[in-house]
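A structural walkthrough
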Amino acid sequence: MKLIDLHTHSTASDGTLPPAQVAEAAAQAGLAAVALTDHDTTEGLAEFRAAATPGGPELVPGVELSVDRPGGGSMHLVGLWVDPAEPCLAQGLERVQTARVERNPKIVARLQELGVDITLDEVVAAAGGGQVGRPHFAQVLVDKGVVAGPGEAFGRFLKRGAPAYMEKERLTPGQAMELIRGAGGVSVLAHPGLLELHPAVLEQLVKDLKDQGLMGLEAYYSEHNPSQERRLLDMAARLDLVVSGGSDFHGHNKPGIRLGAGQGTLRVPATILTGLKQARDALG
Ligand SMILES: [Zn+2]
Ligand SMILES: [Zn+2]
């Protein structure tokens, strides 16, 4: 059986392999296709697609967008076969990146108001050149002895509802699916099992998303157990959605997850490409 992997990350977001090396690793793993789906960016796609080789895996340009989850928090949508040159998608991603960059100074200002001696430079240094996030704020608070550990940093300051929490500005699911569709891509709900919803609640969410343009479900996923996978395949069939699947490979940032194999038991059959491509071509 030929295998594929339609969910991977490179150094363009939080993976450790450059985009071209993701393509090379897929060739070495004997995969028939691989999609690069970096978080909220298409910046790796040019390098990724340039790494195509005759007889090598089919390279699918993709993206993974964080969107508002009904009831609070976030969830992820994967877009497959997006055109990175499409201007609405490019502008939408730029807005998301700007909002992310603007969030960190707001958290610093709030902490300063609360009497904590902290600067943005310290937090940026803690991130070591990577994307700055709340764990880096927690680390600085621990290093300065403001709190005893990261748990206290989140509890007193950083968690949702705590005084230095700043809501992330995210796309709504409808906005994200419109951007993906506008760029010629197929929208897929990423790792539905990680939402930890009762099956009936998940099914209602998926129906609502389908009304807004959802085309597929990521039934095959590294952290789905066999019964979750079965239920999601059944749900996709019931709701007339196509099936996708991937490992969520991040290189050394997720050492337990191998490209195309997940934790060792993931098998995403290449046959699902047919349905995904029909969905793509139906977009016209
Ligand atoms: Zn995700
Ligand atoms: Zn991912």
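Model, not experiment: these values are computed from the prediction. (Residues numbered from 1 in each chain as written. Chains lettered and ligands numbered in written order. Predicted model: local features only at pLDDT ≥ 70, side-chain atom pairs only at ≥ 80, totals over all residues.)

**Observations concerning helix 5 (residues 134-143)**
Three or more residues of helix 5 are buried, namely Arg134, Phe137, Ala138, Val140 and Leu141. Taken end-on, helix 5 shows its buried residues confined to a sector of 160°, consistent with a single buried face. For helix 5, the secondary structure elements touched by its buried residues are helix 3 (87-113), helix 4 (120-126) and helix 6 (150-158). Positive phi shows up at Gly145, right after helix 5, with a value of about 75°. (Buried ≥ 20, exposed ≤ 12 C-beta atoms within 10 Å, placed from the backbone. Helix = DSSP H or I, 4+ residues; strand = E, 2+ residues; numbered from the N terminus. Arc of directions from axis to C-beta. Contact = placed C-beta atoms within 7 Å.)

**Things to note about the domain arrangement of the chain**
A common measure of how large an interface is: the accessible area buried when the components associate. Its domain assignment divides the chain into domain 1 (4-93 + 172-282) and domain 2 (99-158). When each unit is reduced to the centre of its C-alpha atoms, the spacing between domain 1 and domain 2 is 31 Å. (Domains from an automatic or database assignment.)

**Focus: the sheet that holds strand 5 (residues 186-189)**
Strand order in the open sheet formed by seven strands is 1-2-3-4-5-6-7, with mixed pairing between adjacent strands. The sheet is open, and its two edges are formed by strand 1 (4-5) and strand 7 (242-246), each paired on a single side. Pairing of strand 2 (residues 33-36) with strand 3 (residues 58-68), which is carried by four bridges, proceeds in the parallel orientation. When the bridges of strand 3 are listed, Leu36 appears paired with Pro61. Seen against the sheet, helix 10 (residues 272-282) touches strand 1, strand 2, strand 4 (74-80), strand 5, strand 6 (216-221) and strand 7 and runs at an angle of roughly 120° to strand 7. (Pairing = 2+ DSSP bridges. Axes fitted to C-alpha atoms, helices over the stretch in contact; angles between N-to-C directions.)

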